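Results of the structural survey
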Amino acid sequence: MQAEIFVMQHIDRHIELMAPAGNFESLQAAIDNGADSVYFGVEQLNMRAVSSINFVLEDIPEIVARCAPKGIRTYITLNTIVYDHDMNMVKNIVGEAKKHGITAIIAADHAVIAFARSIGMEVHISTQVNVTNVETVKFYALFADTVVLSRELSLNQIKKITDAIEKEQVKGPSGKLVEIEIFGHGALCMAVSGKCYLSLHTHNSSANRGACRQNCRKKYTVTDEDGIQLEIDNEYIMSPQDLCTIDFLDKVLDAGVSVLKIEGRGRAADYVATTIKCYREAIDAYKEDTYSKEMVESWMERLATVYNRGFWSGYYLGQELGEWTKDHPGSHATRKKLFVGTGEHYFTKAGIAQFKLEAFDIKIGDKMLITGPTTGVKEFDIDKLMVNDIFADQAVKGDQVTIPLDFKIRKSDKLYKLVEA
């Protein structure tokens, strides 16, 4: 009976799905596919300062305008090491966030936390802080309502923390119980909570300032004292496979997690669309008590179609050693997208989109994908096709084509053909 009560409590609990947004295409993809919140970098001072495009201060009103009407929370990542000369930028970013209604700042440096709190800006504690126990949660509860735990914890350790928060009534500045956030899917780093110095030593490019050069993803040759070289070709022993929790998401959520974060601000918009949609369906299935093995298999197949380095369960199930990428640490996606052309016009009354083909051929039956800053990510199959205003079975590079679509496209939206990898 106790077990049944426990499950029901967790099914009724609100679970927030947080999406990465490296640009407007990804932001719209997150909005369209069921994200409850989005996180993104503005200017510098975030852990993807180099690998994602990042937004600028002037983009903040547009981001809020897209998200706020739909009840989607917005978080600015400001979680790098901060030096004295960075404080003016910190104050500008946090001040603009407060002014335009950004929900919270994700921070690690105490200077950022202190300034945000001083102007009444909500703060979330970044995984960079490496929180691993409830006593540390209690300390940061003085400043923040949400704490991101260290990625190296097991579900048992997470459950002990969430149970203690409830039992001891650990509350944040809002007066509500502190919420626990963890990473649910995406790239993992060989370093503890991302604290790595490899690229700083080799390229004077600090990962802890958002400028990681991904040394760990490369192939290495070992040279002994006699000058004999051995190529390490069996595994990329510093490059972990991607985290995936969808096949044991029920256990993750039973551990009392309130916010599930999807990693991927440096990845393409179609990754955001597919990943968020799968995890949205999985969380909803958990809450509706319909989560099943068959559904998991379907989600795993779909997740495999977009960028990934292979999947493993991280440290959540108590594994001591990582699972390293065995092949080239690029994408293991089961399909790839080929750039075909760009959008030219959408005829609203007729529901027809016009494109200019700039590469590759397309034909009836092809699976296609469109991305754009306002369009987000849309997939469709070609059912009808006109080339230069004449119905045709296929079109080639240089053709102007029109395709019936039930959604609007914009000028310069990118058109891709999806093929098996």
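The following refers to the structure shown. Just so you know, these numbers come straight off a predicted model, no measurement behind them.

Criteria and thresholds
Residues numbered from 1 in each chain as written. Predicted model: local features only at pLDDT ≥ 70, side-chain atom pairs only at ≥ 80, totals over all residues. Heavy atoms only, no water. Axes fitted to C-alpha atoms, helices over the stretch in contact; angles between N-to-C directions. Helix = DSSP H or I, 4+ residues; strand = E, 2+ residues; numbered from the N terminus. Parallel < 35°, antiparallel > 145°, perpendicular 65-115°, else oblique. Left-handed = near helix turned anticlockwise from the far one by under 90°. Contact = heavy atoms within 4.5 Å. Nonpolar A, V, L, I, M, F, W, Y, C, P; charged D, E, K, R; others polar. Salt bridge = Lys/Arg side-chain N within 4 Å of Asp/Glu carboxyl O. Buried < 20%, exposed > 50% of the residue type's maximum accessible area, 1.4 Å probe, protein only.

Remarks on the packing of helix 2 (residues 24–32) against helix 3 (residues 60–67)
Contact geometry of helix 2 with helix 3 gives a least axis separation of 11 Å together with a crossing angle of 15 degrees. Judged on the interaxial angle alone, helix 3 and helix 2 are roughly parallel. The handedness of the crossing between helix 2 and helix 3 comes out as right-handed. Along its contact with helix 2, which presents Phe24, Leu27, Gln28 and Ile31, the element helix 3 presents Glu62, Ile63, Arg66 and Cys67. Looking at side-chain class alone, the contact of helix 2 with helix 3 contains five nonpolar, one polar and two charged residues.

Quick look at the pattern of salt bridges
Overall, the coordinates contain 17 salt bridges when judged by the stated rule. A salt bridge links Arg73 to Glu122; the nearest nitrogen and oxygen atoms lie 3.2 Å apart. Linking Arg73 in strand 3 (residues 73–78) with Glu122 in the loop between helix 5 (110–118) and strand 5 (123–125), this pair joins segments that are 49 residues apart in sequence. Accessibility expressed as a relative area gives 22% for Glu122, which makes it partly exposed. Its salt-bridge partner being Glu168, residue Lys138 comes within 2.4 Å of it at the nearest N-O pair. Within this pair, whereas Lys138 is found in helix 6 (residues 134–140), its partner Glu168 is found in the loop between helix 7 (155–167) and strand 7 (179–186), the two being separated by 30 residues in sequence. Taking relative accessible area as the criterion, Lys138 reaches 28% and is therefore assigned partly exposed.

So yeah, pure geometry; function would need other evidence.
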